Amino acid sequence: MAVSPETMPENSVIDFRAPPPSPIASGRRSCVTNDEILTEFLENSLKVPDLRLPDRVFPRQKSIRNPSKLNYESLESLSNDSISKILDSVATIGCFEVVNHGISGDLIKSVFSVADGVFRISSEGKAKLTRSSENPYGFEEFHGEEDRETSEEFVWCRGDQNFNKEMEGVWPIGFSNFSVKMGNLLDDMEDKAGRILQFLQQNTPRKLIHENGEMQEQFGELPANSICYLHKHKGSIKGDEEYMNTLKYDVIRMLIRGSEFPHSLCLHVSNGCSEFHVYSKKGWVSFQPDKNSLIVTIGDLLQTWSGGQYKHVIGRPVFQGQTEDCISMALLFSPPKLTEDSNKQEKEKSISIGQQIIIAIAFTLIYHFLIYIYKRF
């Protein structure tokens, strides 16, 4: 008869025996054996390459001969060889010099003289004119160690009336003179930039493409007026090592910021700089420009229009070894509508032969209808 747990005696002992030991070796010993085999396999099969990292993260400077020079006076009568050199310079380094441009040296000096007053505005005034997401013009706000800053930057657009009123309130004495002289210089530079752009367009093997809809989708609204950058280069830097450290800091900041305003050409007035640096995603080159030349760098819009034939770069004059402060200027030029667009609009405005026939028939019917009404009444 089976005994249930409820009726089991209290003092009864259950006879229980442990199972016999397993014939398999212990897990610890097996693990050690497997580790030795795995280590031997990895040592014989894996080959880790020896990596040689660059000594410096910042690319080294590469000096080149001066880029091709465009003689502005003979722009309409350049030889094929001269044109080829200009286009080759644009395609390889994205830069060339313009000599005999005809812009008055006295006008440039007077503009730089009044522009120096911009950087003498008080700290409180500069704070009111600091650039922001809402205001793209004014002084560039600097974050970091003050002794590492090699230049000050001011961005101006004469077409922004709100900013100009605010600037006039901060700088009431000198703004009027600054605005007039800057306007005169910008008129001359925009005229030169327009002719240079037309020259590049006419001599490019692949015609430039400009479709407003696509450009607005890719770059957003283009500025209605040219953008002017003024740079004040500080001349208190001593020693090549300190100079390179501060220059690297500024260059990295500039490359991170990139091209803020879409443009086709950038015209630089270097004001006798010791070197001119050209930066792109693939490298950094430098050369010594002529003292009175204009330096032209290619913008992002022109690179797009040329189908990548022209190279977009960022240019910067450098004043190494200068004990006094120097001022330089850069003009970002956005092109007007190209000739192809105007021709396209003229074609759209013209009336085809079929439309002319329909209009003639309509006028004939209207004429007969009016005659019928006149005779009837």
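Residues numbered from 1 in each chain as written. Predicted model: local features only at pLDDT ≥ 70, side-chain atom pairs only at ≥ 80, totals over all residues. Heavy atoms only, no water.

- The name an unreviewed UniProt entry gives the chain is 1-aminocyclopropane-1-carboxylate oxidase 3-like, with Nicotiana tabacum as the organism.

### Considerations on the nonpolar core
Alright, step 1. Formed by 63 residues in total, the largest nonpolar core has its most connected members in F154, M167, F178, L200 and M329.
Alright, step 2. Per element, the largest residue contribution to this core is eleven residues, and it comes from helix α6 (residues 175–203).
Alright, step 3. For L200, the contacting residues outside a window of four places in its chain are I86, L87, V90, L265, I298, L302 and Y310.
Alright, step 4. Within the second largest apolar cluster, eight residues are counted, among which are C95, F276, V285 and I295. (Core = buried A, V, L, I, M, F, W, Y, C linked by side-chain atoms within 4.5 Å. Buried < 20%, exposed > 50% of the residue type's maximum accessible area, 1.4 Å probe, protein only. Helix = DSSP H or I, 4+ residues; strand = E, 2+ residues; numbered from the N terminus. Contact = heavy atoms within 4.5 Å.)

### Some details on the packing of aromatic side chains
Alright, step 1. Evaluation of the coordinates by the stated rule reveals ten aromatic pairs.
Alright, step 2. For the ring pair Y229 and F261, a centre distance of 6.4 Å and an interplane angle of 70° mean the geometry is edge-to-face. In this pair, Y229 is assigned in strand β6 (residues 227–233) and F261 in the loop between α8 (240–257) and β7 (265–269), connecting sequence segments 32 residues apart.
Alright, step 3. Judged by its relative accessible area of 9%, Y229 falls in the buried class. (Phe/Tyr/Trp six-rings, centres within 6.5 Å; stacked < 30°, edge-to-face > 60°.)

### Some points on the sheet that holds strand β12 (residues 326–333)
Alright, step 1. The sheet built from eight strands is open, its strands ordered β2-β3-β10-β7-β12-β6-β5-β4 with mixed pairing. Both outer strands of the open sheet, β2 (69–71) and β4 (138–139), are each paired with one neighbouring strand and no more.
Alright, step 2. Here β7 runs beside β12; their pairing, made up of five bridges, is antiparallel. Note on β12: the bridge partner recorded for L265 is F333.
Alright, step 3. Sheet strands touched by helix α3 (residues 105–118): β4, β5 (151–156), β6, β7 and β12. Its angle to β12, the strand with the most contacts, is close to 105°.
Alright, step 4. Helix-sheet contacts for α6 involve β2, β3 (95–99), β5, β6, β7, β10 (294–298) and β12, and the interaxial angle to β12 is about 50°. (Pairing = 2+ DSSP bridges. Axes fitted to C-alpha atoms, helices over the stretch in contact; angles between N-to-C directions.)

### Here's the deal with helix α2 (residues 80–92)
Alright, step 1. Taking 1.5 Å of rise per residue, the 13 residues of α2 would be expected to cover 18 Å, and the 18 Å separating its terminal C-alpha atoms lies within 8% of that figure.
Alright, step 2. Looking at α2, one finds that the buried residues are I83, I86, L87, S89 and V90. Summarising the axial view, the buried residues of α2 lie within an arc of 155°, below the 170-degree limit, and thus occupy one face.
Alright, step 3. Contacts made by the buried residues of α2 are with β2, β3, α6 and β10. (Expected span 1.5 Å × (residues − 1). Arc of directions from axis to C-beta.)

### Some remarks on the pattern of salt bridges
Alright, step 1. Within the structure shown, the criterion is met by eleven salt bridges.
Alright, step 2. The partner of E76 in a salt bridge is R195, and the shortest N-O contact between them spans 2.9 Å. Here E76 is found in the loop between β2 and α2, whereas its partner R195 is found in helix α6, with 119 residues between them in sequence.
Alright, step 3. Judged by its relative accessible area of 67%, E76 falls in the exposed class.
Alright, step 4. Notably, a salt bridge pairs K232 with D325, separated by 3.8 Å at the nearest N-O pair. Of this pair, K232 sits in strand β6 while D325 is found in the loop between β11 (314–318) and β12, placing the two residues 93 residues apart along the sequence.
Alright, step 5. The partly exposed category is assigned to D325, whose relative accessible area is 45%.
Alright, step 6. Within the structure, one salt-bridge network assembled from shared partners comprises D116, R120, K232 and D325. (Salt bridge = Lys/Arg side-chain N within 4 Å of Asp/Glu carboxyl O.)

### What to know about α3
It helps to recall that an α-helix has 3.6 residues per turn; residues three or four apart then point in one direction.
Alright, step 1. Look at α3: 20 Å from first C-alpha to last across 14 residues, which is about the 20 Å you get at 1.5 Å a residue.
Alright, step 2. When you tally the buried positions in α3, you get ten out of 14 residues, the bulk of the element.

### Re the UniProt feature "transmembrane region" (unreviewed entry) in the chain
Alright, step 1. Those places that UniProt annotates as "transmembrane region" (unreviewed entry) correspond, in this numbering, to residues 353–374.
Alright, step 2. Taken end to end, residues 353–374 has its terminal C-alpha atoms 32 Å apart, with 100% of it in helix and 0% in strand. (UniProt positions renumbered as here; feature names shortened; annotations may be inferred.)

### Looking at the pairing of β10
Alright, step 1. Burial of β10 is extensive: five of the five residues sit out of reach of the surface.
Alright, step 2. Here β10 shows two buried faces, one formed by L294, V296 and I298 and the other by I295 and T297.
Alright, step 3. Pairing of β3 with β10, which is carried by four bridges, proceeds in the antiparallel orientation. Bridging across to β10, E97 finds its partner in I295.
Alright, step 4. In this structure, β7 lies alongside β10, joined through five bridges in antiparallel fashion. Counted as the bridge partner of L265 is I298 from β10.

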